[in-house]
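# Geometric and topological summary
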Amino acid sequence: MSDEVLQMLEDSDRSVFVTGKSGTGKSTCLRKFVETTKKKVIVCAPTGKAAINVGGQTVHSLFRIPGSHLDEDDILNAAKRQSDVVKRADAIIIDEISMCRADLLQTVHNLMRLARHRPDLPFGGCQMIFFGDLLQLPPIVQNDESNYFYSKYKTPYFFSAECMQDGILDIVELMTVFRQTETEFIEILNGIRNGQITDFGLQKLNSRVNPSFGQPDGFITITPYNKRATEINEQKLKQLPGKEVVYNADVSGEFSASQEPADKILRLKEGAQVMFLKNAARCNEEIVKNAPPRWVNGSMGIVTRCEPNEVFVKMLDGPNEGKIFSVTKAEWSIVKHSMVDGEIRKNIAGSFSQIPLKLGYAGSIHKSQGASLDRMILDLDRGAFDTGQTYVALSRCRSFGNLILKSPVTRKDIQVDQRILDYIGFMRDCGLLREINNQAASETEKPQDPLSLFREANASNSPFSEAEDAQMRQLLCDPLLPPETLREAISLVYDRISTAALSKPVAGGKRKAKTKVEMTDTVDSAANP
């Protein structure tokens, strides 16, 4: 993460919207800013689960907002109830701002002006820092309130709030994508995100269609529908032999059902495929050795043994693939902020403790937001039904070669709200949007897909490194690799091995050149390890 963004947030008092595509490090930026800033900062989010993920409160809880559609008397009464935290904070962060409705942000603005006794300043003079991506999942306006809502606001998005109309917000867009490394895949995702994918890009994407593809270990099906995901998981679990083991969550304090970050009742069997729901806590030894985490949110595994208070899981992906770890209960907390001796403190208001796993055969698009998946099957079933859905789903997958589509993605599935594009374009035209290359200083170039790496390295006389060998084996073994790509890959391998063999000295100072037939045999064995 570039220090430029962190420094900008620290040095400026202006409100800022930090945005970017999926996988550009927005969450990392938020976390690092909170850890390093000298400002008195509060973190909140529109939904309970989003608030738990960032260690904050919900917007309604922090600002003590009793409901929606508050009149002037309601706002005045709520302003009197605001805590010292809200009155004295230097900055307030709202994560997942794309899900924050315009009326909610306007209410926050009105409350803060009164509570901080600075009615002439936006948000009472407090710096507001928003994180999120408007082109992902939108805020929800129920049918029974839509007439009232749209009589006051042009769109449901936060930028339609009246307090956002006076140029008080700067936008910082993070440009470097870390989740994916394949240039062509990133371009396809960008086209879907902004609704401008080319015919060639859509054709390339749909080359991954395979309706008859099963579900090998490590693949998870992503679908728009919660019900469909539940059906797949329950069916797969039922098909497994053996006894079902039940793990009950421990819940205390202020923790509502809508905020639960994992299944309250988790049912597993030996052999079940699972997904991790929380990053592994790192022990001191792992930190000292700079070892990778044992698992992260979205990691996949197979249950090898179920014990009363722990589950043993064999990892199916990541740097620890093949290793078996013991997984015990993890804890999620609901916090509330308070002011103690002039400092903002977090107090635990509720806790939820559960094995951080869920059945990993299927998941909904909404619940997969934020996860990174190594192998994914997208089943749009009856099609995407909301803006941003297809983009959110596809951008979970790290690798184009490990993406399977059950049916072609059509242009009807690529839904983008033009009002968002108009807003972003307007902010850019006004000079209020700044693009930042958030690439780490240690990175000298953007990662490329394996085939691009081999194109560039083909002139080298060196033999294959272990990393190159692994990358090319994965590429050649892709069952859905287009024929033209396979031919180019084999040609590159052939040329590389030929060059290395011809340049390698043998006994007596002579070189032994392999024949073309021998080279072909070598390529065949590499493609079929």
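Placed above this text is the structure.
Anyway, here's the lowdown on the structure attached to this text. (Residues numbered from 1 in each chain as written. Predicted model: local features only at pLDDT ≥ 70, side-chain atom pairs only at ≥ 80, totals over all residues. Heavy atoms only, no water.)

## Re the overall build of the chain
Inclusion rule: Going along the chain from the N terminus, every DSSP run of H or I of four or more residues is numbered as a helix, and every run of E of two or more is numbered as a strand. In what follows, residue pairs with any heavy atoms lying within 4.5 Å of each other are defined as contacts.
The number of helices and strands found in the chain is 19 helices and 21 strands. Contacts in the chain between residues far apart in sequence, at least 24 positions, make up 74% of those at least 6 positions apart.

## With respect to unusual backbone geometry
Backbone geometry places Arg64, a non-glycine residue, at a positive phi of 55 degrees. Its place among the elements puts Arg64 in the loop between α4 (59-62) and α5 (72-80). One non-glycine residue with positive phi stands out, namely Glu96, at about 50 degrees.

## Describing helix α9 (residues 183-193)
As a reminder of what qualifies: For the exposure calls, accessible area comes from a 1.4 Å probe over protein chains only, and a residue counts as buried if that area is under 20% of its type's maximum, exposed if over 50%, partly exposed in between.
Three or more residues of α9 are buried, namely Phe185, Ile186, Ile188, Leu189, Gly191, Ile192 and Arg193. Looking at the packing, one finds that the buried side of α9 touches β1 (15-20), β6 (169-174), α10 (199-205), α14 (389-394) and β20 (403-405). Directly beyond the C-terminal end of α9, a positive phi value near 75 degrees is found at Gly195.

## Some points on the side chain of Gln259
You can see Gln259 is positioned in the loop between β9 (250-253) and β10 (265-268). Looking at Gln259, the relative accessible area reads 14%, which means it is buried. Those residues in contact with Gln259 that lie beyond four places of it in its chain are Gly48, Lys49, Ile52, Thr58, Glu254 and Ile334.

## Describing the state of the cysteines
Using the following cut-off: Disulfide: a pair of cysteine sulfur atoms within 2.5 Å of each other.
Taken as a whole, this structure holds zero disulfides when the rule is applied. Just so you know, Cys44 is unpaired, no disulfide at all, and the nearest cysteine sulfur is the one on Cys100, 8.2 Å from it. Using a relative accessible area of 0% as the deciding quantity, one classes Cys44 as buried.

## Here's the deal with the pairing of strand β13 (residues 310-315)
For the record, the criterion: Strand pairing requires that DSSP identify at least two bridges connecting the strands.
Across six bridges, the pairing between strand β12 (residues 300-307) and β13 is antiparallel. Opposite Val303, over in β13, you have Val313 as the bridge partner. Connecting the antiparallel pair β12 and β13 is a turn made up of two residues. Note that β13 and strand β14 (residues 324-327) share four bridges and pair antiparallel. Residue pairing across strands places Phe312 opposite Ser326, the latter belonging to β14.

## Here we look at the nonpolar core
Worth spelling out the cut-off: The criterion is simple. A nonpolar core is a set of buried Ala, Val, Leu, Ile, Met, Phe, Trp, Tyr and Cys residues joined through side-chain atoms within 4.5 Å.
The biggest cluster of nonpolar side chains holds 48 residues, and the ones touching the most others in it are Phe63, Ile92, Leu105, Phe130, Phe158 and Met164. Here this core gets six residues from one element, more than from any other, and that element is helix α7 (residues 102-115). Look past the residues within four positions of Phe158 in its chain and what remains in contact with it is Phe17, Ile97, Cys100, Arg101, Ala102, Leu105, Phe130, Leu134, Met164, Leu169 and Tyr423. Phe185, Ile192, Ile222 and Met376 belong to the second-largest nonpolar core, a separate cluster that totals 30 residues.

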